[in-house]
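Chain by chain, the residues:
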Amino acid sequence: MLESLGVSSQAEQVYRAMLALPNVGVLGLATHMGLDETTVRTALDELADLALVRPSSDKSGALRPVSPQTGLAALLAQAEAEVLHRQRQVEATRAAIKSMTTSHLASRDQDGVHRHESVDAVRFRLEELAANAEVECVSLNPGGAQAPDGRESSKPLNQLALERGVVIRCVYQDSYHNDRGVVGYARWLTDLGGQIRTSPTLPMLTVVIDRRVALLPLDATDTRKGAVEVDDPSIVAAIYALFEQIWRTARPIGLAQPIDIHSIEPSERELLRILADGHTDEAAARKLNLSLRTIRRMTANLMERLDARSRFQAGVRATQRGWNDL
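Residues numbered from 1 in each chain as written. Predicted model: local features only at pLDDT ≥ 70, side-chain atom pairs only at ≥ 80, totals over all residues. Heavy atoms only, no water.

Across the protein, the average pLDDT comes to 80, with 89% of residues at or above 70. Mean pLDDT values over the elements of the protein span from 72, in helix α12 (residues 311–320), up to 93, in strand β7 (residues 206–209). (pLDDT = per-residue confidence, 0-100. Helix = DSSP H or I, 4+ residues; strand = E, 2+ residues; numbered from the N terminus.)

Take a look at the structure:
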């Protein structure tokens, strides 16, 4: 009960016994409490340090208890003073944080665009945005766009945001099933209430916070080069509209891939579109985040079904037959 005042439970018991039996010595206290003398003397030393016992004027070498009204009141006053000092420290720290935040924001570009030219700078800014998110965080996550350490560092931020009631929606590529780390992260996030869908292809890594700030990579092919932050309302609205368009057509995680009337899976249909645009197998593999061997196997199968002699012809025939219209 008195531990908040710095009095251990053992010392409190001895103090209470002394108040009840003020004329009993160390041996008497030990017998009364069922303790050994060493334990009692250790407790008395602690009580003396706290000014809860004083030398007796009646018995040489003996100790007497100080009244609770005097001794404990002094300890309580000291504790209250420490709490007040701590509160003042907290207020001073809060003021310092506010000042630092104001200076940091004042140093940012005022034209609606700000560059973060390193991974650390991007993560630092994402931590700020996530901590201050109020409504929603949405993101597009192409295959391999987010490094494993980036996912791990975002976990506590995402958990706190979800606990505050912030909605988190993410779109990953269908190929995420090939990455155990992403699969584990997706399962963790959905268990906490996050929403995840998948799409065959995604344009680039994109994050939008509260529909007011968007982050895009400086180089879509290498996110390690940093990101550009945009807070111009019209640009952010356009980026968010793109996300919503992709979200509506994306497949909720855990559902089987839908197959249309032509028996074409979404990833195959996307591959046909890529081939029709004249891209190589290597480019298709990058866009779909699949291995080159998988792409070549899929392409060969589609060419056979379309009776096509080339990849480009397969893409064109698929378009003519309406396979790409869905």
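Resuming the write-up.
Here the focus is the nonpolar core. Core analysis: the largest hydrophobic core is formed by 22 residues, its most contacted members being Ile168, Tyr172 and Leu189. Listed by contribution, the elements that provide at least two residues to this core are α5 (119–132), α6 (148–163), β5 (167–173), α7 (180–191), β7 and β8 (213–217). Among the elements that line this core, the one with the most residues is α7, at 5 residues. Leave out the neighbours within four places in its chain, and Leu189 touches Asn158, Leu162, Ile168, Cys170, Gly194 and Ile196. With 19 residues, the next largest nonpolar core counts Tyr15, Leu29, Leu52 and Leu72 among its residues. (Core = buried A, V, L, I, M, F, W, Y, C linked by side-chain atoms within 4.5 Å. Buried < 20%, exposed > 50% of the residue type's maximum accessible area, 1.4 Å probe, protein only. Contact = heavy atoms within 4.5 Å.)

We now examine the packing of aromatic side chains. Within the structure shown, the criterion is met by 3 aromatic pairs. Relative to Phe243, the ring of Tyr240 has its centre 6.3 Å away and its plane inclined at 35°; by these criteria the two rings are tilted. Taken together, the residues Tyr240 and Phe243, both in helix α8 (residues 233–249) and 3 residues apart, mark about one turn of the helix. Across this residue pair, the class does not change: Tyr240 and Phe243 are buried. Lying over the aromatic face of Trp188, Lys155 brings its terminal NZ or CZ to 5.1 Å of the ring centre. (Phe/Tyr/Trp six-rings, centres within 6.5 Å; stacked < 30°, edge-to-face > 60°. Lys NZ or Arg CZ within 6 Å of the ring centre and 35° of its normal.)

Mapped onto the elements of the fold, Asp210 is located in the loop between β7 and β8. For Asp210, a relative accessible area of 15% puts it in the buried group. Among the polar contacts listed, one links the side chain of Asp210 to the backbone nitrogen of Glu134, at a separation of 2.8 Å. A distance of 2.8 Å separates the side chain of Asp210 from the backbone nitrogen of Val135, its partner in a polar contact. Sequence-distant contacts of Asp210, defined by excluding residues within four places in its chain, comprise Asn132, Ala133, Glu134, Val135 and Glu136. (Polar contact = N/O pair within 3.5 Å; in protein donor to acceptor, adjacent residues only side chain to side chain.)

Our focus in this paragraph is the packing of helix α10 (residues 281–288) against helix α11 (residues 292–306). Axis separation between α10 and α11 bottoms out at 9 Å; the angle between their running directions is 110°. When the axis of α10 is compared with that of α11, the two are roughly perpendicular. Classified by chirality, the crossing of α11 by α10 is right-handed. Only Leu292, Ile295, Arg296 and Thr299 of α11 make contact with α10, whose side of the interface consists of Asp281, Glu282, Ala284, Ala285 and Leu288. Counted by class, the contact of α10 with α11 contains 5 nonpolar, 1 polar and 3 charged residues. (Axes fitted to C-alpha atoms, helices over the stretch in contact; angles between N-to-C directions. Parallel < 35°, antiparallel > 145°, perpendicular 65-115°, else oblique. Left-handed = near helix turned anticlockwise from the far one by under 90°. Nonpolar A, V, L, I, M, F, W, Y, C, P; charged D, E, K, R; others polar.)

With that settled, the discussion passes to the pattern of salt bridges. The final tally for this structure, using the stated rule, is 13 salt bridges. We note a salt bridge from Glu37 to Arg41, for which the minimum N-O separation is 3.8 Å. Placement of both Glu37 and Arg41 in helix α3 (residues 37–49) is noted, with a separation of 4 residues, approximately one turn of the helix. For Glu136, the salt bridge goes to Arg211, with nearest N and O atoms at 3.8 Å. Separated by 75 residues along the polypeptide, Glu136 in strand β4 (residues 136–141) and Arg211 in the loop between β7 and β8 bring together distant segments of the chain. What makes Glu136 buried here is its relative accessible area of 9%. With relative accessibility at 54%, the residue Arg211 sits in the exposed group. Connected through shared salt-bridge partners, Glu136, Arg169, Arg211 and Glu244 make up one network. (Salt bridge = Lys/Arg side-chain N within 4 Å of Asp/Glu carboxyl O.)

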